[in-house]
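Chain by chain, the residues run as shown.
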Amino acid sequence: MSGRPGTDDDDLMDLASRFSYLKDLTEKTYIHPNGKEFQVINVKHDTVTGLDAFTFENKATGELTVGFQGTQGGTDVRQDIALITSLTPSQFAAAEAYVLQVERDRGQVVSSVCGNSLGGGLAAYVSAKNPRIRAVTVNPAPVPHAVADVHAPQVRNYITPTDPLHRAVVAGKLESRILGEQVRIAGTGFNLAFLGANHVGSDRSDGVYDASMGVPFSLFHPGVVLRSDGHGALRGPGAPVAVDADVLGWMGASLSRQREDLVAVLASEIDDVADTLRAHEDDLDRRAAQMRESFAADVDEAYRPVRRTMSDVVEQIDRALRSPWVRMRPPGPLRVLWTPLRDPVLDALADLAAGCGRVADFATRLGAVQVWDLCEQGFLAESRHLTRSLLDSSEDLRADLRLVDDKWLAFAAGTQTLGTALAQVDQDLAAAIAGRTCPPDALPASAPPWPVGAASPPVPDARARSLRDAVEQRQDAAGTLARELASDLADLLSQLDVACTVAVAAVEVVDLAITTASRATRAAIGAYLLTPAGLALTAAGSTADLRRFADELEYVTTCVRVELERVEDDIRRVRSTLGELPDLVDELVPYLRDTFLADAVLEAAEDGYRRCRNLVDRSRLAFAEVAHHLDDHAADAVDALAKNARDLGADLDTVHDALSAMIG
């Protein structure tokens with residue numbers, strides 16, 4: 001960001017990624033990218049080709065810039081598709097025609113063009129056809145095949161690595177159709193919620209951030225992007241500039257704008273993240289109660305087939321096993337013997353029905369709530385710790401940033417004081433200061449007091465060092481809770497497993513009682529027929545009732561045994577189902593993670609911190625550049641300003657490291 005009045009790359013990036021998308025942009029509208037005043041002097045909306053373009057005039061210099069909108073509607077999509085072929089879409093020809101028409105109408109050359117997405121492709125195409133016009137693009141579409149081989153050093157493309165369009169261009173092997181220089185700029189994450197802003201290069205009109213804020217433009221050399229050696233140190237800043245009032249004025253204006261950007265983004269992003277995390281923390285208990293009810297309802301629903309099966313078994317025992325025995329009416333001679341033979345069968349059936357009834361009537365919802373209550377406290381404590389750790393880190397960061405801002409304001413005041421003093425010296429002394437040959441006391445040392453202290457390096461928390469760690473720890477905690485829930489649920493259901501085991505044993509008791517009753521009844525009939533009374537009945541041919549009862553008993557015994565086998569099969573199936581119930585907890589794990597520390601919360605925090613880090617990275621390089629150009633100056637006042645720049649840069653390095661640690 002340059003403090004000079006001319007239209008620079010920073011301005012063109014903003015015109016391309018933010019202002020060209022404003023819906024209420026009309027002729028005579030004034031806009032202010034980077035604090036500079038531009039006026040919209042012409043608007044073009046071509047419904048035939050889909051071209052949307054705006055002509056901006058820099059009111060300080062009179063420079064004309066044409067900004068092209070990116071892909072917006074169906075016509076633009078067709079233009080994008082046509083770019084894959086060797087055709088030149090009509091919108092590209094219309095873009096060049098529009099620029100040339102503006103020049104004819106105004107009697108003045110257009111000095112620059114800019115655009116994002118399809119608009120970036122249009123800008124690069126116009127510049128390729130008219131090399132006197134420089135172009136700046138943000139995440140551009142490829143140019144048509146017709147100009148793909150044009151050498152275009154006047155075109156500069158600022159590209160976000162996470163931009164979906166550029167990734168598609170790379171995948172489609174179309175990088176050769178991105179003309180000119182490519183400059184990689186910091187973006188945010190790969191989450192879908194942020195890819196739109198990544199591609200456009202800004203939040204458009206809804207937010208304060210735009211991609212140009214993350215580009216470390218030189219304060220002293222227009223169009224130069226500063227580079228780091230990977231450890232925050234400046235790489236190749238060039239020879240120190242001659243220090244004069246104009247240089248300090250440009251430097252001060254640029255840094256002032258950077259500070260405004262940084263303060264605005266930090267207020268927007270860090271406060272939003274903190275508010276989201278705080279609301280999340282306050283809502284944990286409510287969501288825990290909601291999750292407990294959901295867990296209980298899920299367990300109860302999973303148990304429904306067991307309840308239904310065992311209720312049917314109880315009914316089956318009464319209808320198909322007990323009732324046939326109750327309905328049997330022995331003939332007179334056996335009535336006294338029948339009751340003691342039948343009652344053990346009925347008692348065994350009653351025990352079997354009672355055991356199955358306990359399984360059918362088991363209060364699974366209440367049991368699941370008790371299981372949840374046993375397991376949730378550790379998980380809740382871990383969730384609170386993770387959230388609180390992130391909030392504490394945010395508060396520490398805020399404190400460091402307050403110190404950075406205090407130093408920045410003091411540096412701005414010192415720059416202004418020094419600039420005023422430089423403007424007041426005579427020509428010879430000014431030349432000596434610019435040439436670094438002046439006496440040490442050539443300028444008054446009247447800088448404002450420098451704030452005391454330094455930003456605090458992040459202290460690693462053993463359990464939550466970064467957002468990425470928080471994600472992993474939250475997943476681990478959710479997995480631990482799931483395992484504990486599954487284990488305790490299995491313990492709870494073991495009571496029912498025991499009941500089923502008892503029921504299976506009761507089936508065997510019933511079968512034994514039936515066998516015993518059947519054999520004893522047949523033996524009693526045989527014994528009776530050998531008595532005098534029985535022999536008399538046989539002689540009289542009156543044994544039909546006894547034989548009919550014996551046949552009925554045989555039939556009932558056979559039928560009951562068939563039903564008893566079905567009952568046993570049902571009980572065994574229920575037992576198997578009970579063994580599978582703890583597995584349903586695995587299906588709850590994603591919901592547990594999303595409920596207690598949702599991905600959306602962490603992703604929003606990560607995206608916000610990445611934006612903040614992008615701006616901090618730009619500012620630390622800016623102060624490194626300031627220190628480089630002012631350091632070891634013959635004038636003590638200039639050298640003191642350089643030392644303050646280094647001190648402030650060190651604090652920004654610490655803040656950058658803290659943000660990196662928080663992101664992970």
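Please read all numbers here as calculations on a predicted model, not as lab measurements.

How each quantity is defined
- Residues numbered from 1 in each chain as written.
- Predicted model: local features only at pLDDT ≥ 70, side-chain atom pairs only at ≥ 80, totals over all residues.
- Heavy atoms only, no water.
- Helix = DSSP H or I, 4+ residues; strand = E, 2+ residues; numbered from the N terminus.
- Buried < 20%, exposed > 50% of the residue type's maximum accessible area, 1.4 Å probe, protein only.
- Contact = heavy atoms within 4.5 Å.
- Polar contact = N/O pair within 3.5 Å; in protein donor to acceptor, adjacent residues only side chain to side chain.
- Core = buried A, V, L, I, M, F, W, Y, C linked by side-chain atoms within 4.5 Å.
- Salt bridge = Lys/Arg side-chain N within 4 Å of Asp/Glu carboxyl O.
- Axes fitted to C-alpha atoms, helices over the stretch in contact; angles between N-to-C directions.
- Parallel < 35°, antiparallel > 145°, perpendicular 65-115°, else oblique.
- Left-handed = near helix turned anticlockwise from the far one by under 90°.
- Nonpolar A, V, L, I, M, F, W, Y, C, P; charged D, E, K, R; others polar.
- Pairing = 2+ DSSP bridges.
- Disulfide = S-S within 2.5 Å.
- pLDDT = per-residue confidence, 0-100.
- Phe/Tyr/Trp six-rings, centres within 6.5 Å; stacked < 30°, edge-to-face > 60°.

## Some remarks on the overall build of the protein chain
- When its secondary structure is counted, the protein chain shows 17 helices and ten strands.
- Here the protein chain holds 664 residues, and 52% of them are scored as buried.
- At a minimum sequence separation of 6, the contacts of the protein chain that also span at least 24 residues come to 76%.

## Thoughts on helix α1 (residues 9-17)
- Among the nine residues that make up α1, nine are buried, leaving the element largely enclosed by the rest of the structure.
- Restricting attention to buried positions, one finds in α1 the residues Asp-9, Asp-10, Asp-11, Leu-12, Met-13, Asp-14, Leu-15, Ala-16 and Ser-17.
- The backbone nitrogen of Asp-10 has a side-chain oxygen 3.2 Å away, supplied by the residue at the start of α1, namely Asp-8.

## Things to note about the nonpolar core
- If you look at the biggest cluster of nonpolar residues, it comprises 65 residues, and the most contacted ones within it are Met-310, Ile-317, Trp-325, Leu-352, Ile-571 and Leu-578.
- The set of elements that each furnish at least two residues to this core consists of α8 (284-327), α9 (332-360), α10 (364-424), α12 (467-529), α14 (544-580) and α15 (584-596).
- Leave out the neighbours within four places in its chain, and Leu-578 touches Tyr-303, Val-306, Leu-493, Leu-496, Asp-497 and Cys-500.
- Residues Leu-401, Val-404, Leu-641 and Met-662 belong to the second largest nonpolar core, which totals 55 residues.

## Observations concerning the pattern of salt bridges
- Inspection of the entire model under this criterion finds 36 salt bridges.
- In this structure, Arg-278 engages Glu-395 in a salt bridge whose closest nitrogen and oxygen atoms are separated by 3.5 Å. One end of the pair, Arg-278, is in helix α7 (residues 245-282); the other, Glu-395, is in helix α10, with 117 residues separating them in the sequence.
- Among the salt bridges present, the one from Arg-561 reaches Asp-511, with a minimum N-O distance of 3.0 Å. With a gap of 50 residues between them, Arg-561 in helix α14 and Asp-511 in helix α12 connect regions that are remote in the sequence.
- Overall, Arg-561 belongs to the partly exposed group, its relative accessible area being 29%.
- Each member of the salt-bridge network shares a partner with another, and the members are Asp-271, Asp-275, Arg-278, Glu-395 and Arg-398.

## What to know about the environment of Ala-264
- Its location among the elements puts Ala-264 in helix α7.
- According to the relative accessible area criterion, Ala-264 is partly exposed, its value standing at 30%.

## Quick look at the environment of Pro-344
- Among the secondary structure elements, Pro-344 is positioned in helix α9.
- With a relative accessible area of 40%, Pro-344 lands in the partly exposed category.
- Counting along the chain gives 170 residues from Pro-344 to Ile-514, while the straight-line C-alpha distance between them is 8.4 Å.

## Examining the packing of helix α3 (residues 90-106) against helix α4 (residues 118-129)
- Interaxial distance between α3 and α4 falls to 9 Å at its minimum, and their mutual angle equals 60 degrees. As judged from the angle between their axes, α3 and α4 are oblique. In the crossing of α3 with α4, the sense of the turn from one axis to the other is right-handed. Touching Gln-91, Phe-92, Ala-93, Ala-95, Glu-96 and Val-99 of α3 are Leu-118, Gly-121, Leu-122, Tyr-125, Val-126 and Lys-129, all from α4.
- Here the residues of the contact of α3 with α4 sort into eight nonpolar, two polar and two charged.

## So, the pairing of strand β3 (residues 52-58)
- Burial runs high along β3: seven of the seven residues are buried.
- Burial along β3 is two-sided: the face carrying Asp-52, Phe-54, Phe-56 and Asn-58 and the face carrying Ala-53, Thr-55 and Glu-57 are both buried.
- Pairing between strand β2 (residues 38-45) and β3: seven bridges, direction antiparallel. Residue pairing for β3: Val-43 is matched across the bridge by Phe-54.
- In this structure, β3 lies alongside strand β4 (residues 64-68), joined through five bridges in antiparallel fashion. The residue bridging Phe-56 from the neighbouring strand is Thr-65, located in β4.

## Concerning the state of the cysteines
- Here the structure, examined in full by the defined rule, presents zero disulfides.
- Of all cysteine sulfurs, the one in Cys-356 lies closest to Cys-500, which takes part in no disulfide; the gap is 7.5 Å.

## Brief notes about the confidence of the model for the protein chain
- Overall, the prediction assigns the protein chain a mean pLDDT of 82, with 87% of residues at 70 or greater.
- Mean pLDDT values for the elements of the protein chain range from 43 in helix α2 (residues 74-83) up to 96 in β4.
- Scored below 50 in pLDDT, residues 190-196 shows eleven contacts in the model against residues more than four places distant or in partner chains.

## Here we look at the pairing of β2
- Of the pairings in the sheet, the one linking strand β1 (residues 30-31) to β2 comprises two bridges and is antiparallel in character. Counted as the bridge partner of Tyr-30 is Gln-39 from β2.
- Between β1 and β2, which pair antiparallel in sequence order, lie six residues; one of them, Asn-34, sits at a positive phi of approximately 55 degrees.
- The hairpin formed by β2 and β3 contains six residues between the paired strands, and Gly-50 there has a positive phi angle of roughly 85 degrees.

## Notes on the sheet that holds β1
- Read across the open sheet, the eight strands follow the order β1-β2-β3-β4-β5-β6-β7-β8; overall the sheet is mixed. Edge strands, defined here as strands with exactly one partner in the open sheet, are β1 and β8 (181-184).
- As judged from the four bridges shared by β4 and strand β5 (residues 112-117), these two strands associate in the parallel manner. When the sheet's bridge partners are listed, Gly-67 is paired in β5 with Cys-114.
- α3 contacts β2, β3, β4 and β5 of the sheet and is inclined by roughly 155 degrees relative to β4.

## As for the packing of aromatic side chains
- Evaluated as defined, the whole model comprises eight aromatic pairs.
- Seen from their ring centres, Tyr-158 and Phe-217 are 5.8 Å apart, and the 70 degrees between their planes marks the pair as edge-to-face. Note that Tyr-158 is positioned in strand β7 (residues 155-159) and Phe-217 in the loop between α6 (192-200) and β9 (227-228), a separation of 59 residues in sequence.
- Overall, Tyr-158 belongs to the buried group, its relative accessible area being 0%.
- Between the aromatic rings of Trp-338 and Phe-549, the centroid separation amounts to 5.4 Å while the plane-to-plane angle is 90 degrees, which identifies the pairing as edge-to-face. With Trp-338 in helix α9 and Phe-549 in helix α14, this pair connects stretches of sequence that are 211 residues apart.
- An aromatic cluster is built from Trp-325, Trp-338 and Phe-549, whose rings are joined through pairwise contacts.

## Regarding the side chain of Glu-96
- Structurally, the position occupied by Glu-96 is in helix α3.
- Reaching out from Glu-96, the side chain makes a polar contact with the side chain of Lys-129 at a distance of 3.3 Å.
- Here Glu-96 is in contact with Tyr-125, Val-126, Lys-129 and Asn-130, once residues within four sequence places are set aside.

## Remarks on the environment of Ser-228
- Within the secondary structure, Ser-228 sits in strand β9.
- Residue class for Ser-228 comes out partly exposed when judged on its relative accessible area of 22%.

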